[in-house]
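The primary structure of each chain is shown beneath.
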Amino acid sequence: MNAREIRQHFLDFFASKQHTIVPSAPVIPQEDPTLLFTNAGMNQFKDVFLGTGSRPFTRCANSQKCIRAGGKHNDLEDVGTDTYHHTYFEMLGNWSFGDYFKKDAIAWAWELLTKVYGLPKDRLHVTYFGGDPNEGLAPDDEAKQLWLDLTEVLPENIHPGSKKDNFWEMGDTGPCGPCSEIHVDLTPDKSGRSLVNQSSPIVIEIWNLVFMQFNREQSGKLVPLPAKHVDTGMGYERLCMVLQDKKSTYDTDLFTPIIHRLEEITKAGTYTGLLPSAQPTAAEMRDVAYRVLSDHLRCFTIAIADGGMPSNEGRGYVIRRILRRAVMYARRHLGMQQPFLYEQVPFLVDLMKHSFPDLIEQGPKVAEIVKSEEEAFHLTLENGIKHFQVAATKAKSDNQGTLSGEDAFKLHDTYGFPVDLTTLMAKEQQLTVDEEGYKRLMEEARERSRGGNATGDVDPIEALHKAAEINLVGDPNKPAATLDKPKWQGLNAKTTVLGWVNSEGRFQSSPLSSGNIVGLVLKDTSFYGEQGGQVGDAGTITTSTGTFNVTITRRAGDIVLHIGSVTKGKLEAGQPVDCAVDPTRREQISANHTCTHLLNWALRATLGENVHQKGSIVDTEKARFDFSHQTAVTAEEIEKIESLVNAAIQKDYPVYTKEEARDAALKVHGIRAVFDDQYAEAVRVVSIGVDTGDLVSNPGNADWQQYSVELCGGTHLARTGIAKEFRLVSEESVGRGVRRVLGLTGAAAVAADAAGQALLMASDKLDKKSPDELRKLNEDLPKQLTATVLPYRVKTELQQRIATLRQLISALDKQQNEQAGQAVVEQTEALLKSAVTRGNSQIVIGELTGATAEHLRTAIDWLRRHAPSLATVLYCQNEGKVTLFAAMSPDLVKQGVVAGPLVSALSKVLGGGGGGRPDMAQGGGTNIAAIPEMLTTAKTWLDEKIKA
């Protein structure tokens, strides 16, 4: 079969099973902001699965256009390197919305694959969900038994699968359930059993049958859905590969016309299907390029035709990445130095127009957009490649085979290279990329670009500081460097006003009165100007004629800017002033800075001498510290580090500072210096627990494991005990081989401790709590964990308790379901005993108290076994909603007594909707007050239809 016939056979088969054939939704989601692209056939029915929408049918099928490139589902990096990954593909699917379930889904899948498509039965393997004890989920033995009972699959070809492979979830919340996957063994001797679910190109998954029977709530709890659904998806390209007896999807008639076209246009040689080796040859990379271009051409043509536009944000950036990736491969491996992809769009449209006729109208627009994008990228491409070569050479010699985050960022920011493109180029030269470092720089760039407050206005403090850094450098009127040694000697200083810097960064010496924010410049200052990761001071500056409020202190080169405004009177150049730093703020900052030194020492003592400082931020709220370390710091190591710092605080060590000659200071064993800084001839040494002078006098006797010794220009506590307490609250990666910890001191640490103890007490002795208490705790505790600043060790303990909570609640739910099920059986027996008999048929109408939709189905099955000729209407109430089912035995259906119209009429009375098959239908509504009318309608309807 050719590809078009394969698709049509699928649609015709499910049309014969009473499925409505629906058109493909666009790949650009119209009403779902949570999706970058339509990535599965079920996306357009998400509202049905969530219970917020409905369709005029209960079963349907289609072939859906999909893109998986970005976000949770991202196949972009694999495209071209193997035989079956794609960014754009079609997904063949069939759906049941509360209609059929596992039995029919499994039987029809087997029928289509073996009888319609003729696949050998002994080459098919199936998987089923093998259970998950952590979630309290039992194995899907029902699906396993149905495969054995309804199909001819070999028993040894049925495999249990993990939650990762065989339990499908829409997201963190929402409908979910077990799934059964169908795999095809393409090995010559059918020996691929061990390769099932191993992402092997010779034992490949083609169809996934998802049985949605649960809803995951915000708390993580799984509850049964009121109506069970079926959602299946079969990879169209993979199916074509199997049915056309090819080893690669790129060898099917979906791709071969595109590849032949590329061969003719590029004249780069014949495609032979080579895959890249560890050190790929030119011929291998040429074939990779053919696969990449044939995939990407389809992808960006469909995406733009469906309303996507290349841009620098969101899905637009993904489209731009795909297009630029294609340009790069064409240039580097097919020799195409000029734009040419846009010229292939008409060919693509002609190839795909039979399946998607809307491409005909959109084709010219797509070609125009692609041309514009190609031309723009070619302008920077040559220089970008040169920069990459320089960066790659540096990485090989200096960075142990890792391209720096700075170079990856520059390639993106200056030359337009998406980071995944840089990663691919690096991989070809056996290099890796510091992607964490790149991400950090990207986030910093976003922060700078935002550059304002909540109203969108530019922050005047930031604007003034930036202007001063630029304009003071060449200003012939700028003042002499500020003498700021008083910052180490106390909070107060007497000095002289030199002038002030305006919002344009220009120095002035005219009188200053209240009004605009300026940067006041003094001859000397006790204010610390932001530097070395420590935030600047705040406070007041007073003269005999006025008061200046300092909001923040910054540096512009060697000039300290006291940024703020006059709040009283005026200031003039030459006036004597009194500086007064805010004492509370300074102490908070100094406590965090001193504890950062203790943290640096404790990290080395715990993790080893490989730890080197990579950055820090010290302000009133926190001590943030970045350091070199290859693995995550364990909970046990965190606890030891925290204990070492607190022990040093409790010992109330004196903090010594002293200026020393640089060469002498650097000889002290274990002294810490940051970032390979170029230090002045005289440096400031800060030591904790040992006199700085003694260390410099006897540098070889210092034991870094006992004392903290660093070069530092920041402000510190006089003694460690002033910090009171230290708590680590987080640990994370911020780049390749770089970790980050966040610590709190003083009152903030005490508050975090108190909050942690409160949550630990609330969640203690779980086995003693009532079911209601457990459910409330399960709802509240995860929210409190994310919303509260807590010690790291407390977070770890609470995460373990949440896992235990979920297990307990799962067991409770199971017990309650069993109890409810027994109660339903008893109520059903009572309803049958009071049934009305008309002719040979029994009519059962009534409510099942405390039941769910699943219980109603169970009750109907029980009634059918005990009443051969039966008409029944059962309903239940839950959370302000009425769910109802109607069912008819085969003899009544033959007489024209069918369930669908009855449920539709009853649901309308309840203010809702519904429908279904002739023998069983489901519906409901929210008008509880209309239940008596609904019951009367049901009795009247059945009395008219069933004759005595």
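Thresholds applied
Residues numbered from 1 in each chain as written. Predicted model: local features only at pLDDT ≥ 70, side-chain atom pairs only at ≥ 80, totals over all residues. Heavy atoms only, no water. Helix = DSSP H or I, 4+ residues; strand = E, 2+ residues; numbered from the N terminus. Buried < 20%, exposed > 50% of the residue type's maximum accessible area, 1.4 Å probe, protein only. Areas by Shrake-Rupley, 256 points an atom, 1.4 Å probe, with all protein chains shown as cover. Pairing = 2+ DSSP bridges. Axes fitted to C-alpha atoms, helices over the stretch in contact; angles between N-to-C directions. Contact = heavy atoms within 4.5 Å. Expected span 1.5 Å × (residues − 1). Arc of directions from axis to C-beta. pLDDT = per-residue confidence, 0-100. Core = buried A, V, L, I, M, F, W, Y, C linked by side-chain atoms within 4.5 Å. Salt bridge = Lys/Arg side-chain N within 4 Å of Asp/Glu carboxyl O.

Draft legend 1. The overall build of the protein chain, seen in detail. If you tally the helices and strands in the protein chain, you get 26 helices and 32 strands. In terms of principal-axis extent, the alpha carbons of the protein chain reach across some 110 × 75 × 55 Å. Counting across all 948 residues of the protein chain, residues that qualify as buried make up 53%. For the protein chain, the exposed surface amounts to about 42,000 Å²; the carbon and sulfur share of it is 49%.

Draft legend 2. Molecular detail of the sheet that holds strand β31 (residues 913-916). The strand order across the open sheet built from six strands is β27-β28-β29-β30-β32-β31, with neighbouring strands paired in mixed fashion. The sheet is open, and its two edges are formed by β27 (836-838) and β31, each paired on a single side. Averaged over all pairs of adjacent strands, the angle between their axes in this sheet comes to 15°, without regard to strand direction. Pairing analysis gives three bridges linking β27 to strand β28 (residues 841-847), with the strands arranged antiparallel. Bridging across to β28, Val836 finds its partner in Ile843. Packed on one face of the sheet, helix α23 (residues 853-866) meets β28, β29 (870-878), β30 (881-888) and β32 (920-925) and runs near 160° to β29.

Draft legend 3. Inspection of helix α26 (residues 931-945) at higher detail. In this model, α26 (15 residues) spans 21 Å end to end at C-alpha, consistent with the 21 Å of a helix rising 1.5 Å per residue. For α26, the full list of buried residues reads Ile931, Met934, Leu935, Ala938, Trp941 and Leu942. The arc enclosing the buried residues of α26, seen along the axis, measures out at 130°, which places them on a common side. For α26, exposure combined with an orientation more than 90 degrees from the buried face picks out Pro932 and Glu944. On its buried side, α26 packs onto β28, β29, β30 and α25 (899-909).

Draft legend 4. Spotlight on helix α9 (residues 314-334). Taking 1.5 Å as the rise per residue, α9 with 21 residues should run 30 Å; its terminal C-alpha atoms sit 30 Å apart, in good agreement. In terms of residue burial, α9 counts as a mostly covered element, since 18 of its 21 residues are buried. Directly beyond the C-terminal end of α9, a positive phi value near 75° is found at Gly335.

Draft legend 5. Geometry of the confidence of the model for the protein chain. Looking at the protein chain, pLDDT values average 87 and 93% of them are 70 or higher. Mean pLDDT per element in the protein chain: helix α19 (residues 692-697) is the minimum at 64, and strand β4 (residues 124-129) is the maximum at 97. Counting contacts from residues 449-457, a segment whose pLDDT is below 50, to residues more than four positions away or on other chains yields seven contacts.

Draft legend 6. Quick look at the pairing of strand β21 (residues 623-628). When you tally the buried positions in β21, you get five out of six residues, the bulk of the element. Between strand β20 (residues 613-618) and the antiparallel strand that follows it, β21, lie four residues. Strand direction decides the pairing type here: β21 and strand β26 (residues 738-745), joined by six bridges, are antiparallel. Following the sheet pairing, Ala623 is matched in β26 by Gly743.

Draft legend 7. The arrangement of the nonpolar core in detail. Counting residues in hydrophobic clusters, the biggest one holds 120 residues, and the most contacted among them are Phe10, Leu113, Ile206, Trp207 and Leu293. When residues of this core are assigned to their parent elements, the largest contribution, 13 residues, is made by helix α8 (residues 282-305). If we skip the residues at most four places from it in the chain, Trp207 touches Phe10, Phe14, Asn94, Ala109, Leu112, Leu113, Ser180, Glu181, Ile182, Thr232, Gly233 and Met234. Ranked by size, the runner-up nonpolar core spans 27 residues in total, among them Cys595, Ala648, Leu717 and Tyr792.

Draft legend 8. Quick peek at the environment of Ile802. Positionally, Ile802 belongs in helix α22 (residues 792-833). Once the C-alpha coordinates of Ile802 and Arg506 are considered, the two residues, 296 residues apart in sequence, prove to be 58 Å apart. If sequence neighbours within four positions are ignored, Ile802 has contacts with Leu781, Pro782 and Leu785.

Draft legend 9. Highlighting the pattern of salt bridges. Counting across every chain of the model gives 45 salt bridges. For Lys102, the salt bridge is made with Asp140, and the minimal N-O distance between the two is 2.7 Å. Residue Lys102 is found in helix α3 (residues 102-116), and its partner Asp140 is found in the loop between β4 and α4 (141-150); the two are separated by 38 residues along the sequence. Residue Lys102 is classed as buried on the basis of its relative accessible area of 2%. Assessed through its relative accessible area of 6%, Asp140 is described here as buried.

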